[in-house]
Protein chains: 2
Amino acid sequence: MSVTLADVAARAGVSAATVSRVLNGNYPVAGSTRSRVLRAVDELEYVVNGPASALAAASSDLVGVLVNDIADPFFGIMASAVQSEIGPGPDGAGHKMAIVCNTGGLPERELTYLTLLQRQRAAGVVLTGGAVEDPGHAEALGARLRRLEAAGAQVVLCGRPPLPEPGPLTVTFDNRGGARRLTEHLLSLGHRRLGYLAGPAGRTTTRHRLEGHREALSAAGLAGDAERLTVQGAYDRAAGYDGALELLRRDPGLTAILAANDTVALGVCAALRDRGLRIPEDVSVTGFDDLPFAVDATPALTTVRLPLHDAAARAGRLVLGRETPPPGGVTTFPTELMARQSTAAPGR
Amino acid sequence: MSVTLADVAARAGVSAATVSRVLNGNYPVAGSTRSRVLRAVDELEYVVNGPASALAAASSDLVGVLVNDIADPFFGIMASAVQSEIGPGPDGAGHKMAIVCNTGGLPERELTYLTLLQRQRAAGVVLTGGAVEDPGHAEALGARLRRLEAAGAQVVLCGRPPLPEPGPLTVTFDNRGGARRLTEHLLSLGHRRLGYLAGPAGRTTTRHRLEGHREALSAAGLAGDAERLTVQGAYDRAAGYDGALELLRRDPGLTAILAANDTVALGVCAALRDRGLRIPEDVSVTGFDDLPFAVDATPALTTVRLPLHDAAARAGRLVLGRETPPPGGVTTFPTELMARQSTAAPGR
DNA sequence: GTCGATGTAGAAAGCGCTTACTTGCCCAGG
DNA sequence: CCTGGGCAAGTAAGCGCTTTCTACATCGAC
């Protein structure tokens, strides 16, 4: 039915072992034999049986990439970067493929997918996105990751904080510093009444950004207001819309709103506009992440750039063992303030 | 080292065959035996060896999803929809996983990935995005798809036109009708000098949208202008920016620009703004696709909504054989005009 | 009381590859 | 001229599952 190694071997007049060695290139084969085999492969249109080779070699060409939501460019960019590191390059070489798993941010789903990846005998797994801060889940997750590693998979966390030692390799962002600088930027413009839309509760990303924000406020002697003007919500547009209205209710005179991310910021802008408030004249708005659309918003969003592509590419290299990890296994990427037109000195 | 079927069988006091049958549930097993086996599975934390089972069963739990660029929400939305159909549901059941392949729109890469998917013995493949209209590539692609199908994979095209009979199952959009209605909308507002940014040459999506556009122009007796005011370009923001400037050069008095898609439209808006032109007072702008950010643009983009999620979900069901295809195998989804604030009667 | 269904479980033969081990060969050194 | 080392290729034993075929009860029916 389908062409096998043995067929190729027969055609080339060699043994199956030799064909395998030519194909895997990890054993000396004479030049003439090699070319005879390759010709036979070509003529028969032979395609390796991946499962068979994974079974025999006890490891597959598959790398799992866990994301909260692949439709969100935040994760799409990271998935794309991982894939371009592990997949076939411009030369067509490289056989690894990415299994993208949409967890929807749900802890159980995360565990389910990790088991499925172990079942596929994945060569590695990249976990992107912030982690859920539930002790129970953290433990279950840690156990699952250890089992994966025991099964021979390389685990890399990307964009989430390191797990307690000895945890998996980690590539993360300085969320806290970014949030601090963003807040300092607004403070330096003269803002004193800042609303903060914090993102979903119980996630590390949310907490780190909030900490950075409060750090800056405390340094400016505004710690008291922080509690009152912080609203939790999802990482989506609707949360931004509703959250902005809620903040205005709590303090109709606030002059700036920091959104949990760029998408939330869009919702904030829509709400402010519907309320007849101008940006930035009446209220300054900031995002976070610097996704491609941030620069196209009107006004262009002041935000914090995360080097999503670079970080995920590095995660991709680490998962393949193509890059040596730093001592401790944790790489933290800096974040950068992108001051644009959605922030200005308070005008009211 | 790792727990196998045999270990589970030993622990449950049954044969490996029985364990396999319990796990696959396609053969009668007595209730008491079944529960003994499941307990053993639990106690030993047994995880099926996917490659081994794929080898023995001659088909894996993997479904390939080819996209041009996973970082683009257009594809992200489709990938997400496919995944939610095939992957583990809310109940945790379902074992299929999606291998997302970024082709970058490159024909060779497309072929490379299809071979890789065949190598993985993928149960199915969903090809999204417009096809390249090169006869050579079309043939190579057709051959590759036939080989995949011969190898037992179910192939589904999603968002690209059907291949000549007997081609694979297809789910597609009425791009032409959408473009026609969009153009009619502008014509009915009174526009007579319309610029068109057509997207990359040699792709079916580009051609179909262009045809719809010209259809409407011809019906209005404006066929002559069409040629002159059409500019080809990429599907990105920069193409929109440059294209808009080029169109203004060709006809400084044009009153509307139709962009190849929403992302391109953002570039158009930026260029117009830089030129000091107001939207829609001076120039109306339209997008295509109705991606989430379209409604957040300022002004909100008039565009054509493609039911990306529904179409891709259907593709996901078709690829698993969970939905019976219509006779002929082609489903065309309608598109819908979303008239928003970026279009208005010409004001100059 | 015997016989064919019927329902449940086991035995064993692969699935197509990888890889440790073995073999055969050629050539340099004694 | 013989021998030992090194290279290239072959042999064959699995890898962990699925599935066909077989075995054996149990059971209702004649």
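These numbers come from a predicted model, not from an experiment.

A. Local environment of the nonpolar core. If you look at the biggest cluster of nonpolar residues, it comprises 145 residues, and the most contacted ones within it are Ile257(A), Val268(A), Leu272(A), Ile257(B), Val268(B) and Leu272(B). Residues Met97(B), Ala122(B), Leu141(B) and Ala153(B) belong to the second largest nonpolar core, which totals 38 residues.

B. Inspection of the side chain of Thr33(B) at higher detail. All names here are of chain B. Here Thr-33 is to be found in helix α3 (residues 31–44). Using a relative accessible area of 16% as the deciding quantity, one classes Thr-33 as buried. Not counting the four nearest positions on each side in its chain, Thr-33 is found in contact with Val-14 and Thr-18.

C. Quick look at the interface of chain B and chain A. Each side of the interface is counted separately: chain B has 51 residues, and chain A has 53 residues. Around 4700 Å² of area is buried between chain B and chain A when both sides are counted, 58% of it from carbon and sulfur atoms. For chain B, the biggest contributors to the area lost against chain A are Met97(B), Arg119(B) and Asp296(B); these three give 15% of the whole. Between the two partners, chain B and chain A, sit six salt bridges.

D. View of the pairing of strand β6 (residues 194–197) of chain B. Residue and element names in this part refer to chain B. What you see with β6 is no split at all: Leu-194 and Tyr-196 on one side and Gly-195 and Leu-197 on the other are buried throughout. Direction of pairing for β6 relative to strand β8 (residues 256–258): parallel, over a ladder of three bridges. By the bridge assignment for β8, Tyr-196 is matched with Leu-258. One ladder, built from two bridges, connects β6 with strand β7 (residues 230–231); its direction is parallel. By the bridge assignment for β7, Leu-197 is matched with Val-231.

E. Region of interest: the protein's contact with DNA strand C. In the vicinity of DNA strand C, 25 residues are found, and the nearest of them are Leu5(A), Ser20(A), Tyr46(A), Thr18(B) and Thr33(B). For DNA strand C, the fraction of atoms within 4 Å of the protein that belong to sugar or phosphate moieties is 62%. The contact in question runs from a base nitrogen of DNA strand C to an N or O atom on the side chain of Arg21(A), over 3.3 Å. In the environment of DNA strand C, a phosphate oxygen lies 3.4 Å from a nitrogen or oxygen atom belonging to the backbone of Asn49(A). The residue makeup of the surface near DNA strand C, split by class, is 14 nonpolar, nine polar and two charged.

F. Quick peek at the sheet that holds strand β9 (residues 284–286) of chain B. Residues and elements named next belong to chain B. A sheet is described by the order of its strands in space; here four strands give the open sequence β7-β6-β8-β9, paired in parallel fashion. The sheet is open, and its two borders are formed by β7 and β9, each paired with just one other strand. Contacting β6, β7 and β8, helix α9 (residues 204–219) runs over the sheet at an angle of about 165 degrees to β6.

G. Representation of the UniProt feature "domain: HTH lacI-type" (unreviewed entry) in chain A in the model. Following the UniProt record, the feature "domain: HTH lacI-type" (unreviewed entry) maps to residues 3–57 of chain A here. Helix and strand shares over residues 3–57 of chain A are 71% and 0% respectively, and the end C-alpha atoms of the span are 20 Å apart.

Reading the values: the criteria
Residues numbered from 1 in each chain as written. Chains lettered and ligands numbered in written order. Predicted model: local features only at pLDDT ≥ 70, side-chain atom pairs only at ≥ 80, totals over all residues. Heavy atoms only, no water. Core = buried A, V, L, I, M, F, W, Y, C linked by side-chain atoms within 4.5 Å. Buried < 20%, exposed > 50% of the residue type's maximum accessible area, 1.4 Å probe, protein only. Helix = DSSP H or I, 4+ residues; strand = E, 2+ residues; numbered from the N terminus. Contact = heavy atoms within 4.5 Å. Buried area = accessible area lost by both parts, 1.4 Å probe. Salt bridge = Lys/Arg side-chain N within 4 Å of Asp/Glu carboxyl O. Pairing = 2+ DSSP bridges. Near = heavy atom within 4 Å. Polar contact = N/O pair within 3.5 Å; in protein donor to acceptor, adjacent residues only side chain to side chain. Nonpolar A, V, L, I, M, F, W, Y, C, P; charged D, E, K, R; others polar. Axes fitted to C-alpha atoms, helices over the stretch in contact; angles between N-to-C directions. UniProt positions renumbered as here; feature names shortened; annotations may be inferred.

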